Amino acid sequence: MLDQRLIRENPKLIADGLKNRGIEIDLEQLQLKSERLKDIEQQRNKLQAQGNSIGKEVGQKIREGVKPNSNEIDLLRSKGNKIKQKVAELEEVEKEISEEIKNTILTLPNIPNKECPIGKDEKNNIVIRSWGEPIKSKDYKDHWSIAEDLGLLDTQRSVRISKSRFVTLFNEGARLERALINFMLDLHTNKGYTEVLPPALVNTASLTASGQLPKFSDESFRCIEDDLWLTPTAEVPLTSLHREEIIPLKNLPIRYVAYSPCFRREAGSYGRDTRGLIRLHQFNKVELYWFVHPENSRKAHEQITKDAEDVLKALELPYRVVELCTGDLGFSASRTYDLEVWLPGAETFREISSSSLCNDFQARRSSIRTKDGKTNVLVHTLNASGLAVGRTMAALLENGQSSDGTVALPKALVPYFGASKLKPQSK
RNA sequence: GGAGAGAUGGCCGAGUGGUCGAAGGCGCAGCACUGGAAAUGCUGUAUAGGGGCAACUCUAUCGAGGGUUCGAAUCCCUCUCUCUCCGCCA
């Protein structure tokens, strides 16, 4: 959520920021509304002050022995009633306007950071650095062919159970998924992250706090009867973990790592990535999440990104870091690095982690502050996947494959998986 | 799902119509005392918004919303949540 004060005092700054995202919006209306609201609030404040002093006067007089039904008191009473009526009228207008303003502001995305490269879409993203040697060979197979050959998953039966874009893992597939989750959690907790296992169902307030609502209700599965939603990412419960809190300065930075299943409706992605483990309605993810003092958020963004990269390095998976341009940023982000893993079977780099700095955008929606001296300041929040587990498995299968049908696993995974290779099951 | 109890500041807890943003305690911070600490004493310690260079000041907030009243933490209505017992259950 954007700062309403900033909208009043410097709407150009916001309009320019949003323009770089490709959003043309006339903030004048909003600015006028906000100013009008402030005006009404001031009027109401004055009236309420008058009303309060009348109330005190009545109390005072009665204590001094003036009869409650005397003319003097009656006069004050009617004065008080008039004020009360005016206040009620103002409140009605005030409520209406403030609701309008809030509804609008909640649909506005974050403004990009100054460093964020300006551009229209993903073509303007910038490759920052690369790691590892991407294998380029026409003989490499897609991960779903490998997975099927090895008996790791069954997509057809998954449709029987639920529908398309769900997957059921078997044998070494299931085991590998579990190994990856444990491996990632250990890697991060060893660096001092606090492990969290949050609820998979979250309420509307939580989704609003992190930015998924009100704008992207199409993207999440909903349980109508209970007004709960399936988490699209652990970012949602992790943000709300500290909603409406003032975090003591000495507790910052807070660094969480959470495994969670993630559920996404993938509305509007018909026909894209229909096979394999890339785009599913349900997938597993290990998420990194930081709460930091605003002064430290830039550095924190570099660090959280490196922490995510460390997973790819440990798994010996070639990747590149791409900085998203303004037009490609997610709703809550002010700056984002995507980690893209190399998939030799698909002959492409694929997003496996997204590392975002949200500044105070989510903190304002969630009212998460820290006490800095005498004043309370909104914290900054950051999130990064560390990593998307299904896509990691896809990358391991494609990168580790060999012509004899086996898949070599990275050394780091052996203690977790219990073997250094995936072999075709003898039937 | 059925029955009952409750929701007050960081925490505990008092307050049943007026000067209550709220006693008291704990905690926390500062100062004094000490070689240092403990103990003790003193002072301070909610959030949001508005005005003022500032000292400061105004408004709102005692789970949420509505009502009665000149005036509500306190009375009335609705909702939500929490706890206890019973039932069911991994």
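Remember, it's a predicted structure, so these values are computed and weren't measured experimentally.

Each helix and strand counted, chain A has 13 helices and 18 strands in total. In summary, chain A has a C-alpha radius of gyration of 27 Å against a globular reference of 22 Å for 427 residues, an excess of more than 25%. Over its C-alpha atoms, taken along the principal directions, chain A stretches across nearly 105 × 45 × 40 Å. Looking at chain A as a whole, 47% of its 427 residues qualify as buried. Long-range pairs, those at least 24 residues apart, make up 74% of the contacts in chain A between residues at least 6 apart in sequence.

Here the focus is the side chain of Ser 356. Here Ser 356 shows up in strand β13 (residues 348-357). The exposure class of Ser 356 is buried, given its relative accessible area of 8%. At 2.8 Å, the side chain of Ser 356 and the side chain of Thr 336 are in polar contact.

With that settled, consider the layout of surface pockets. A volume near 500 Å³ is recorded for the second largest pocket. Looking at the second largest pocket, it is lined by 22 residues, and the ones nearest its centre are Leu 13, Ile 111, Pro 112, Asn 113 and Asn 359. Elements with a contribution of two residues or more to the lining of the second largest pocket: α2 (11-20) and α11 (361-366). Among the residues forming the lining of the second largest pocket, the class breakdown is 9 nonpolar, 6 polar and 7 charged. Inspection of the lining of the second largest pocket shows a minimum of three residues originating in each of domain 1 (4-105) and domain 2 (122-422).

With mixed pairing, 8 strands are arranged side by side in an open sheet as β1-β11-β12-β13-β16-β10-β9-β4. Edge positions in the sheet fall to β1 (126-131) and β4 (194-196), since each has one partner strand and no second. Pairwise comparison of adjacent strand axes, ignoring direction, gives a mean angle of 25° for this sheet. Where strand β11 (residues 319-323) lies against strand β12 (residues 335-343), 5 bridges are found, and the strand directions are antiparallel. Bridge assignment links Val 322 to a residue of β12, and that residue is Asp 338. Each of β1, β10 (282-292), β11, β12, β13 and β16 (380-388) touches helix α10 (residues 297-314); the most contacted strand, β16, lies at about 5° to it. Most of the contacts of helix α12 (residues 389-400) go to β16, to which it runs at about 40°, and overall it touches β10, β12, β13 and β16.

Let us now look at the protein's contact with RNA strand B. Taken together, 23 residues are adjacent to RNA strand B, and Arg 8, Gly 55, Arg 63, Arg 77 and Lys 371 come closest. Contact distances for RNA strand B include 2.9 Å between a phosphate oxygen and a side-chain N or O atom of Arg 8. At 3.2 Å, a side-chain N or O of Lys 38 approaches a phosphate oxygen of RNA strand B. Elements supplying a minimum of two residues to the surface near RNA strand B: α1 (4-9), α3 (28-63), α4 (71-105) and β14 (369-372). With 13 residues, α3 is the largest single contributor of residues to the surface near RNA strand B. Looking at side-chain class alone, the surface near RNA strand B contains 4 nonpolar, 8 polar and 11 charged residues.

Partitioning chain A into domains gives domain 1 (4-105) and domain 2 (122-422). Taking only C-alpha atoms, the centre of domain 1 and the centre of domain 2 are 45 Å apart.

Of all 10 residues that make up strand β9 (residues 254-263), 8 are buried, and the element is covered over most of its length. As defined by bridge partners, β4 adjoins β9 across 3 bridges and the pair is classed as parallel. Within β9, the position partnered with Thr 194 by the bridge is Tyr 256. The sheet contact formed by β9 and β10 spans 10 bridges and is antiparallel. Each bridged residue has a counterpart across the sheet, and for Ala 258 the counterpart in β10 is Glu 287.

Let us look at the pattern of salt bridges. Going through the model one piece at a time under the given rule, you end up with 23 salt bridges. Between Glu 9 and Arg 5 there is a salt bridge whose closest N-O contact spans 3.3 Å. In this pair, Glu 9 and Arg 5 are both assigned in helix α1, 4 residues apart and thus about one turn of the helix distant. Note on Arg 5: relative accessible area 51%, which makes it exposed. A salt bridge links Glu 94 to Arg 44, with the shortest nitrogen-to-oxygen separation between them at 2.6 Å. Pair noted here: Glu 94 is in helix α4 and Arg 44 is in helix α3, with a separation of 50 residues, a long-range link. Among the residues examined, Arg 44 registers a relative accessible area of 14% and is labelled buried. A single network of salt bridges, built from pairs that share partners, joins Glu 266, Asp 273, Arg 279 and Arg 350.

Note that the residue after Leu 252, namely Pro 253, is joined by a cis bond; omega there is -5°. Its location among the elements puts Pro 253 in the loop between β8 (246-247) and β9. That bond from Gly 386 to Leu 387 is cis: its omega, 10°, falls within 30 degrees of zero. On the secondary structure map, Leu 387 appears in strand β16. One non-glycine residue, Asn 359, lies in positive phi territory at about 50°. Secondary-structure assignment places Asn 359 in the loop between β13 and α11.

The subject of this paragraph is the environment of Pro 424. Its place among the elements puts Pro 424 in the segment after β18 (421-422). We classify Pro 424 as partly exposed; its relative accessible area is 44%. As for Pro 424 and Leu 150, which are separated by 274 residues in sequence, their C-alpha atoms are 4.7 Å apart. Apart from residues lying up to four places away in sequence, Pro 424 is in contact with Leu 150, Gly 405 and Thr 406.

Conventions and cut-offs
- Residues numbered from 1 in each chain as written.
- Chains lettered and ligands numbered in written order.
- Predicted model: local features only at pLDDT ≥ 70, side-chain atom pairs only at ≥ 80, totals over all residues.
- Heavy atoms only, no water.
- Helix = DSSP H or I, 4+ residues; strand = E, 2+ residues; numbered from the N terminus.
- Rg over C-alpha atoms; globule rule 2.2 N^0.38 Å.
- Buried < 20%, exposed > 50% of the residue type's maximum accessible area, 1.4 Å probe, protein only.
- Contact = heavy atoms within 4.5 Å.
- Polar contact = N/O pair within 3.5 Å; in protein donor to acceptor, adjacent residues only side chain to side chain.
- 1 Å grid on protein atoms, 1.4 Å probe; cavity = no way out; pocket = protein on both sides within 12 Å on 5 of 7 lines; lining within 4 Å.
- Points joined across faces, edges and corners; volume = space filled by probe spheres on them.
- Nonpolar A, V, L, I, M, F, W, Y, C, P; charged D, E, K, R; others polar.
- Domains from an automatic or database assignment.
- Pairing = 2+ DSSP bridges.
- Axes fitted to C-alpha atoms, helices over the stretch in contact; angles between N-to-C directions.
- Near = heavy atom within 4 Å.
- Salt bridge = Lys/Arg side-chain N within 4 Å of Asp/Glu carboxyl O.

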